[in-house]
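# Report on the structure
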Amino acid sequence: MTAMLGILVVAVFLETVSATSLGVVYTEGGMVEGENIHIGSGHYMDVFKGVPFADIPGRFEKPKRHPGWDGILKATEYGKECLQVNSFVNGTSGSEDCLYLNIWVPHGSIVSSDLPVMVWIYGGGFMIGNSMGFYLDTNLYSGQQIAERGNVVVVTLAYRVGTLGFLSTGDSSLLGNYGLWDQQAAIAWVHRNIRSFGGDPDNITIFGESAGGASVSFQTLTPHNKGLIKRAISESGVALCNWAVNRNPRSVAEEIALRVNCPTDHNMASCLKMTDPEQLTMAGVFDQTSSPDDPMIYKMYLVPVIDGDFLPDEPSNLFHNAADIDYMAGVNDMDGFTFTTDDVPSINSDQVDTPIGDVKRLLVSYTKDKGAAGSENAYFTYTSTWETNPSQKTIKKTVAEIGTDYIFLVPTQAALYLHAAKATTKHTYSYLFSEPNNLAGSFYPSWMGADHFDEVQYVFGRPFTKMTEFLPQHLDLSGYMIAYWTNFAKTGDPNEGGLEVPVRWPKFTSTGQQYLELHHDMDQSSVKEKMRLRFVHFWTSILPNLPSVFSE
Ligand SMILES: *[C@@H]1O[C@H](CO)[C@@H](O)[C@H](O)[C@H]1NC(C)=O
Ligand SMILES: *[C@@H]1O[C@H](CO)[C@@H](O)[C@H](O)[C@H]1NC(C)=O
């Protein structure tokens, strides 16, 4: 018994002395202590959860520096998510006290220093989301797999969403973009403090998906991040997406003011500031019923605005600010499926036919300001390759393709072209993620590809932590994506940086618009060019050159 205890004590002692750890870390606000975890064969990881990067924000105000704390802050629990509507849309969750970030630092036999840093910005339509990523039974946005496999520091930040993050009166009384300022404050905090966590402040890559992908794009376009960001990855969302900017925020602010019994005159801003934050959050929920005549994608109201400060101009005029940043962007091949299914539910049904008229109605909505000439051109563009009597599969798939193009794919191509044109000394990379959703052929139709959000679990290495839910080929794919992403974070080139990749990913240039198709079975044929050129040309050249039917 005593002998056994002795062995135990020795074992525990050995574990303690051999664990590599940063221990207590000094930050600008005070000391923090995370948790050290053993990740196998002499490898350890320090995990810090709930590190404050700013003070509790004033309502509708930019974030402020944290005043600091005495003693050692235990950073072992995620912070509360920012106040938002819950998933039943019958109440709220979270808190206004939400500006915290999380950090994963991998170590080998010695404590790490100067590792490249990857900062994740979550999506959720600027309405919901949090830095932990509750997904089924795991924290999807845990940085552990990326940090461990890619040998990078991973940070996940938080930002205000919904009314509290994005309400704008369209004038100087409440400028808006509070959520974008939160993201910026977190990036600046990482730049100032990450060296103490073993990170290299001159090697910061930001990455994000959907509204987070658009946020990444905004952070590269604002003049307020000069010198802070080295590289950026936008997954399924860029600043050029029509849903990412509200050009008439005043009417939304007035509607919310009416709902919370505030006046809409010059007293509106001061009244809104005094209103209960949960009430404000619930007042930011708008009717979400949609149809092909009234598509879902036009129902995002609390989003970034051109405020003259964070965004001094239209995003398309700000790409010079991203000229010193390497940029990677891409979409999923059925990114628009979820959204067009709201507008045309029959596309996800074997039983219900989708009338050809629904294709027309959706295109009429998407081309509204160009009148009949716009929708007729669009209809011709999408149906000219149809067989004489198009099958239901052809019609349904076309609806999903129209949504994918309009909502994600075309604006992403436009952003890549602009980046390639402006950032001549930096690299641009384009991808199309096409691994079919696991439920293709059951919950989804047999022709289903990759839906919105599908790539995120591969980027975060979920197949490695939930092996029973995936096939071996999915582990391969996840490994490829972590390799491309972390190589890019290290060197600005997804092919170089220590992790082996299945095929060389060529740069996207203005003259040869090459891209990589990401899929479990990749070879040289995965390198393609001119993604959906005919459709990109229609939305970016033909349609804008038609006369508008509404006067400016
Ligand atoms: C919201 O809806 C859920 C599910 O219907 C229910 O369990 C919960 O009690 C409701 N909460 C409120 C505040 O009404
Ligand atoms: C970034 O990190 C990579 C990999 O650790 C390193 O080779 C490079 O020199 C670092 N610095 C810059 C500025 O790229």
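Described in the following lines is the structure provided in the data block. (Residues numbered from 1 in each chain as written. Chains lettered and ligands numbered in written order. Predicted model: local features only at pLDDT ≥ 70, side-chain atom pairs only at ≥ 80, totals over all residues. Heavy atoms only, no water.)

## Brief notes about the side chain of Ser210
Threshold: Runs of H or I in DSSP of at least four residues are treated as helices and runs of E of at least two as strands, each being numbered from the N terminus. In this analysis, two residues are considered to be in contact whenever any of their non-hydrogen atoms come within 4.5 Å of each other.
As for its placement among the helices and strands, Ser210 is situated in the loop between strand S13 (199-209) and helix H5 (211-221). With near-sequence residues (within four places) excluded, Ser210 lies in contact with Gly123, Glu235, Ser236, Gly237, Trp243 and His452.

## A closer look at the pattern of salt bridges
Close approach of charged atoms allows side chains of opposite charge to pair. Spelled out, the test is: A pairing counts as a salt bridge when a side-chain nitrogen of Lys or Arg comes within 4 Å of a carboxyl oxygen of Asp or Glu. The buried label applies to any residue whose accessible area, calculated with a 1.4 Å probe on protein chains only, is under 20% of its type's maximum; exposed applies above 50%, and partly exposed to all values in between.
This structure, assessed with the given rule, holds 22 salt bridges. We note a salt bridge from Glu28 to Arg65, for which the minimum N-O separation is 3.7 Å. Here the residue Glu28 occupies a position in the loop between strand S1 (25-27) and strand S2 (30-33), and Arg65 occupies one in the loop between strand S4 (43-52) and strand S5 (72-74), the gap between them amounting to 37 residues. Classification of Glu28 by relative accessible area gives partly exposed; the value is 39%. The residue Arg247 makes a salt bridge to Glu314 at a minimum N-O spacing of 2.8 Å. Separated by 67 residues along the polypeptide, Arg247 in the loop between strand S14 (231-235) and helix H6 (249-259) and Glu314 in the loop between helix H8 (277-283) and strand S15 (326-332) bring together distant segments of the chain. Note on Arg247: relative accessible area 52%, which makes it exposed. When salt bridges that share partners are traced, they join Glu28, Arg65 and Arg192 into one network.

## Quick notes on the pairing of S4
As a reminder of what qualifies: Pairing between two strands requires that DSSP report at least two bridges joining them.
Summarising burial for S4: nine of the ten residues are buried, a large majority. The pairing of strand S3 (residues 35-40) with S4 spans five bridges and is antiparallel. Bridging across to S4, Ile37 finds its partner in Met45. Here S3 folds back onto S4, and the loop between the two strands holds two residues, one of which, Ser41, carries a positive phi near 30 degrees.

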